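Listed here are the chains, written in short residue letters.
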Amino acid sequence: MTPSQPNINILLVDDEPLVLQSLSATFRRQYNVFTATNGKDAIEIVRQNHIHVVLSDQRMPGMLGHEVLRIIKTISPGTIRILLTGYSDLDAIMNSVNSGEVFRYLTKPWKVDQLRETVSAAAEIALKVSQVYPDRAEILKNKASVPVEEIVEEEPPPPPLEQQDYLLIVEFNREQLNTMVKVFEKKYKVLPAGSIQEAFELLSKHPVAVMVTDLNLNSEDGMDFLYAVKQEYPNIVTILLTQVRDALLAIKSINEFQVYRYHVKPCSVEDLDKTIQSAFARARTYKLQPSRNIHAIAQQVAPKIIEQQATERGNWWREKLRAAKKLFGIG
Amino acid sequence: MAGKKDNQQLTFQYTELAIYGVLFLALVAAVFVLNINLSDESRRDSEQIFCATKQQEYWGRAYRSLLKTQTTLAEYELIMGDSTQLELAEQKRAIIDSSFHLYRRSIEVFDGTVKALDKGGKITLEGVEYKIDAVQDERARKYIMDIAGRWYPRADSLIGIAHQYEGTRKLNPDMLLAAIDFAVQNDELILADNRDFIVKLGELATERQNRLQTIQVIALVASIVVFALMAVRLTISLRRQAKVIQESQSQLVQSEKMASLGQMVAGLAHEMNTPLGFVRNNVEIIRENEKEMQAAFHSANTVLKDLVEGKYSEVEKAIPEAIKKLDELEKIGIVEENKMMIESALQGIDRIQELIVNLKNFSRLDQSMMQMADVNECLDSTLVIANHILKRHVTVHKEYAQLPKILCAPAQLNQVFLNLITNAAHAIEKKGQGNLWIKTYMSTKAAEIVVQVSDDGTGIPKEIINKIFDPFFTTKPVGQGTGMGLSISKKIIEEGHKGRIEVKSVVGKGTDFFIYLPMKTEVKEEKVFESVPAIN
């Protein structure tokens, strides 16, 4: 059994008392457990306590789970957020995927081992991250008086634009690739890649900050490609641009490959441009404050969780990427 | 695929219509052409008749002139030698001149008309030029030929004699005699031929008219037939279309059923996932705890065994270990926890069972269509199914009156209730939070049960409130609603239950739906036998 860590506070949010009872029993021996039956109570608890990990149900009366998590993020950015969802919520999730920036999505019914593993990884990340937010008290003081409805998400002011950051576009369809390059080359330094090999070469040669990629890469599984890239370049912010509107796929890509946003083709140029801009801002934040990249930390503190999801093919691509890195290497 | 087939069929139908149209037009055109032809022929006939009349007239004139010439000539010859009558002789001479001149002109016109009727050509009669067609029909032509046959051999000499006289003022008495001979011999015949010819032409015209009338009648009948065919074909294709529409309508009804089934399944899956989640979690925790309890139990058992077997040295070691383990169990309250976990797991399982019972009640798949049922119970099981769409933003208020069971189709009523509740949930969703009132009561006016489903959602605008029960009417985006929900509900209530469904709505305030169900309680009498034989 995992050693007890009573200095870690976790918050469980569910409108069903029996679920809270059951989850409390699961975690009470390792952590200090807080419970709330609705979003408002949960936010109040986060305001008054240093919560490391919050595990919330999606469908609750009043506020939905992902809304609760979004508000918690602004009050306490160091809190690692996990969302518990039923299958019938998948479509709703699909819409919230891009705004929540949730560490993990778990589906009901869950398995105790998996749940414990995820929460323990989240706790470890939270411990690391909490070192970066020592001035929590002040954040709380500022936000304490603001009503829940008025709290909005705040990104830290983006650092000045750095010119050497590249935008990598991976798209197997050359025609679509050219269209995208034409649209974005005026604004960004664009690197077009029509195959995985090209992408690897470009990644090794240039400092890429943001990557836009399809999941359908000439019969190769895009998931394996993402895995390899994410393992070697955890700070690259990835945007998925795909024809498949599949909530499970979106959740998987966020859980396992830390995809930043999920766009469905065809999308508007403005939307994609906005996403790319905020992805650049995010990439700079990661650069300046590495501890904001919870997924990179997860990779350090709990590599097992990440690696156990890799396929053979994914690892094979990772080796290829490593070789490319050595060959073209810029460090 | 279906679209392509439909298109093909449509093209085929249009082609068919076009063919009928062309046939119809062709028939009309044929009648038209025949009429033009007829008027043409009539013109020709009248010209020929005119020509024949003139021929007769001029023949008569020529004949009379010739006779007059002859008699005057005889008188002239009598007084020619008499010098006292020189003046009279001169007068006679002048009469001969003029009558012979008249003869010449008449006989020339007669010659012209005979040739014109025989061979066709232009002829000038009394200063007007006519174009005469040759007589074609044998039945009329034979009269012309008869005249021509008499005339042609003698034409030269009969015209020649006149010319000769004009030139020389001398008459060959032989030739004159011959001419008079001819004239006298043929006058009757030529007149008779001419008369017969004119009569014949008239007969032929009548005959043609009759024939044309027959054709016109045939064409008229044919066009009526074509028209009837067209009408029949159109009716058939309209019927077929109506059938297609009916089919697609029943398909929509089916898809509406599937949609409400899908909604039910989604709701149920969600409702079950929650108890299933914690029941599973509890069982896993119980299993973990049980391992620790087993370990403690094992230690305690070892102590007991050692005591029984008198292994005191080992007991001393085992006792503190066992006590430590038991204390630990005590400290973390494992026994209580397990008790609690088992209790809540049982509760969870009860809840799943309850859900399944409700599902069964909702669908009533295992029961017959019409049966005695409690409407309140129907509403309750529908509310359980609809819970997942209400839970988040709707507060449900139930006000049930004590109701007798009524004869109804519960599965269908549930479909209606679910539809109304879902609509209410959507109307409230647009506003954020809201309330749903479900009331049942007995009508004060008639033997009816009233189910009132009210919400304080967005309400229904006046412009569309009359349309909401129409099939296919929906305010939801394409693909999200079939627009059949309320129309099916109306059908179920009005046709299936002989009841009524009414709506009142104020925009911004909310909507009330009223369902009136007649209190039918008699179930068909049960009989053992179809007919009981009289026992004596």
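Residues numbered from 1 in each chain as written. Chains lettered and ligands numbered in written order. Predicted model: local features only at pLDDT ≥ 70, side-chain atom pairs only at ≥ 80, totals over all residues.

**So, the overall build of chain A**
Part 1 of the reasoning: Check the secondary structure of chain A and you find 14 helices and 12 strands.
Part 2 of the reasoning: Within the span of chain A, comprising 331 residues, buried residues form 43% of the whole.
Part 3 of the reasoning: For chain A, restricting intrachain contacts to residue pairs at least 6 apart in sequence, the fraction spanning at least 24 positions comes to 67%. (Helix = DSSP H or I, 4+ residues; strand = E, 2+ residues; numbered from the N terminus. Buried ≥ 20, exposed ≤ 12 C-beta atoms within 10 Å, placed from the backbone. Contact = placed C-beta atoms within 7 Å.)

**Observations concerning the overall build of chain B**
Part 1 of the reasoning: If you tally the helices and strands in chain B, you get 10 helices and nine strands.
Part 2 of the reasoning: Across the 536 residues that make up chain B, the buried fraction comes to 27%.
Part 3 of the reasoning: For chain B, contacts bridging at least 24 residues in sequence account for 74% of all contacts bridging at least 6.

**Some points on the interface of chain A and chain B**
Part 1 of the reasoning: At the junction of the two partners, chain A supplies 18 residues and chain B supplies 22 residues.
Part 2 of the reasoning: The element best represented in the side of chain A that touches chain B is helix 1 (residues 17–27) of chain A, accounting for seven residues.
Part 3 of the reasoning: Looking at the side of chain A that touches chain B, its residues break down into nine nonpolar, five polar and four charged. (Nonpolar A, V, L, I, M, F, W, Y, C, P; charged D, E, K, R; others polar.)

**Describing the nonpolar core**
Part 1 of the reasoning: Counting 94 residues, the largest nonpolar core has Val53, Val54, Ile82, Ala122 and Leu168 of chain A as the members making the most contacts within it.
Part 2 of the reasoning: Per element, the largest residue contribution to this core is eight residues, and it comes from helix 5 (residues 112–130) of chain A.
Part 3 of the reasoning: A domain-level breakdown of this core finds at least three residues from each of domain 1 (9–147) and domain 2 (166–328) of chain A.
Part 4 of the reasoning: Here valine 54 of chain A is in contact with Leu11, Val13, Val46, Leu69, Ile72, Thr79, Arg81 and Ile82 of chain A, once residues within four sequence places are set aside.
Part 5 of the reasoning: Counting residues in hydrophobic clusters, the runner-up holds 37 residues, among them Ile389, Leu413, Ile438 and Met484 of chain B. (Core = buried A, V, L, I, M, F, W, Y, C linked by C-beta atoms within 7 Å. Domains from an automatic or database assignment.)

**Topic: the sheet that holds strand 8 (residues 500–506) of chain B**
All names here are of chain B.
Part 1 of the reasoning: The five strands lie next to each other as 4-6-7-9-8, forming an open sheet whose pairing is mixed. Looking at strand neighbours, the two that pair on one side only are strand 4 (394–399) and strand 8, the edges of this open sheet. Within this sheet the neighbouring strands show an average axis-to-axis angle of 15°, counted without direction.
Part 2 of the reasoning: Taken together, the six bridges between strand 4 and strand 6 (residues 434–442) define a ladder with parallel strand orientation. Residue pairing for strand 6: glutamate 399 is matched across the bridge by lysine 439.
Part 3 of the reasoning: Where helix 8 (residues 410–429) meets the sheet, it contacts strand 4, strand 6, strand 7 (448–455) and strand 9 (510–518), and its direction lies at approximately 25° from that of strand 7.
Part 4 of the reasoning: This element, helix 10 (residues 485–496), spans strand 8 and strand 9 of the sheet and lies at about 135° to strand 8. (Pairing = 2+ DSSP bridges. Axes fitted to C-alpha atoms, helices over the stretch in contact; angles between N-to-C directions.)

**Section: the packing of helix 2 (residues 39–48) of chain A against helix 3 (residues 65–75) of chain A**
Residues and elements named next belong to chain A.
Part 1 of the reasoning: Put simply, helix 2 and helix 3 touch, their axes get as near as 10 Å, and they point 15° apart. Put simply, helix 2 runs roughly parallel to helix 3. The handedness of the crossing between helix 2 and helix 3 comes out as right-handed. Counting all contacts with helix 2, which are made through Gly39, Ala42, Ile43, Val46 and Arg47, the residues of helix 3 involved are Glu67, Val68, Ile71, Ile72 and Ile75.
Part 2 of the reasoning: Split into classes, the residues belonging to the contact of helix 2 with helix 3 amount to seven nonpolar, one polar and two charged. (Parallel < 35°, antiparallel > 145°, perpendicular 65-115°, else oblique. Left-handed = near helix turned anticlockwise from the far one by under 90°.)

**Let's talk about the UniProt feature "transmembrane region" (unreviewed entry) in chain B**
All names here are of chain B.
Part 1 of the reasoning: UniProt annotation of "transmembrane region" (unreviewed entry) refers to residues 17–38 and 217–236 when read in the numbering used here.
Part 2 of the reasoning: Taken end to end, residues 17–38 comprises 100% helix and 0% strand; its first and last C-alpha atoms sit 32 Å apart.
Part 3 of the reasoning: The distance separating the terminal C-alpha atoms of residues 217–236 is 28 Å; by composition the span is 100% helix and 0% strand. (UniProt positions renumbered as here; feature names shortened; annotations may be inferred.)

**Points about the sheet that holds strand 3 (residues 53–57) of chain A**
All names here are of chain A.
Part 1 of the reasoning: In spatial order, the strands read 2-1-3-4-5; together these five strands make up an open sheet with parallel pairing. This sheet does not close on itself; its edge strands, each paired only once, are strand 2 (32–36) and strand 5 (104–107). Taking each pair of neighbouring strands and ignoring which way they run, the sheet shows an average axis angle of 20°.
Part 2 of the reasoning: Here strand 1 (residues 9–13) pairs with strand 3 via four bridges, running parallel. Bridge pairing links isoleucine 10 to valine 53 in strand 3.

**A word on unusual backbone geometry**
Part 1 of the reasoning: Following lysine 108 of chain A, the chain continues into proline 109 of chain A via a peptide bond in cis, with omega recorded as -15°.
Part 2 of the reasoning: The topology assignment puts proline 109 of chain A in the loop between strand 5 and helix 5.
Part 3 of the reasoning: The residue lysine 498 of chain B is not glycine, and still its phi comes out positive at about 55°.
Part 4 of the reasoning: Inspection of the secondary structure assignment puts lysine 498 of chain B in the loop between helix 10 and strand 8.
Part 5 of the reasoning: Classification of lysine 498 of chain B as exposed rests on a count of 11 C-beta atoms within 10 Å.

**Quick word on the pairing of strand 1 of chain A**
All names here are of chain A.
Part 1 of the reasoning: Here strand 1 lies mainly inside the structure; five of its five residues are buried.
Part 2 of the reasoning: Residues of strand 1 alternate between two faces, with Asn9, Leu11 and Val13 on one and Ile10 and Leu12 on the opposite face, all of them buried.
Part 3 of the reasoning: As judged from the five bridges shared by strand 1 and strand 2, these two strands associate in the parallel manner. Each residue of the ladder has a partner; that of leucine 11, found in strand 2, is phenylalanine 34.
Part 4 of the reasoning: The parallel pair strand 1 and strand 2 is bridged by helix 1, and the resulting crossover is right-handed. (Right-handed = clockwise from strand over helix to strand, strands pointing away.)

**A few points about the environment of alanine 25 of chain A**
Part 1 of the reasoning: Mapped onto the secondary structure, alanine 25 of chain A falls in helix 1.
Part 2 of the reasoning: Residue alanine 25 of chain A is classed as buried on the basis of its C-beta count, with 22 C-beta atoms lying within 10 Å.
Part 3 of the reasoning: What alanine 25 of chain A contacts, discounting residues up to four positions off in sequence, is Ile285, Glu337 and Met341 of chain B.

**A look at the environment of arginine 261 of chain A**
Residues and elements named next belong to chain A.
Part 1 of the reasoning: With respect to the secondary-structure elements, arginine 261 resides in strand 12 (residues 261–264).
Part 2 of the reasoning: Overall, arginine 261 belongs to the buried group, with 24 C-beta atoms counted inside 10 Å.
Part 3 of the reasoning: The spacing of arginine 261 and leucine 241 is 20 residues in sequence and 8.6 Å in space, taken between C-alpha atoms.

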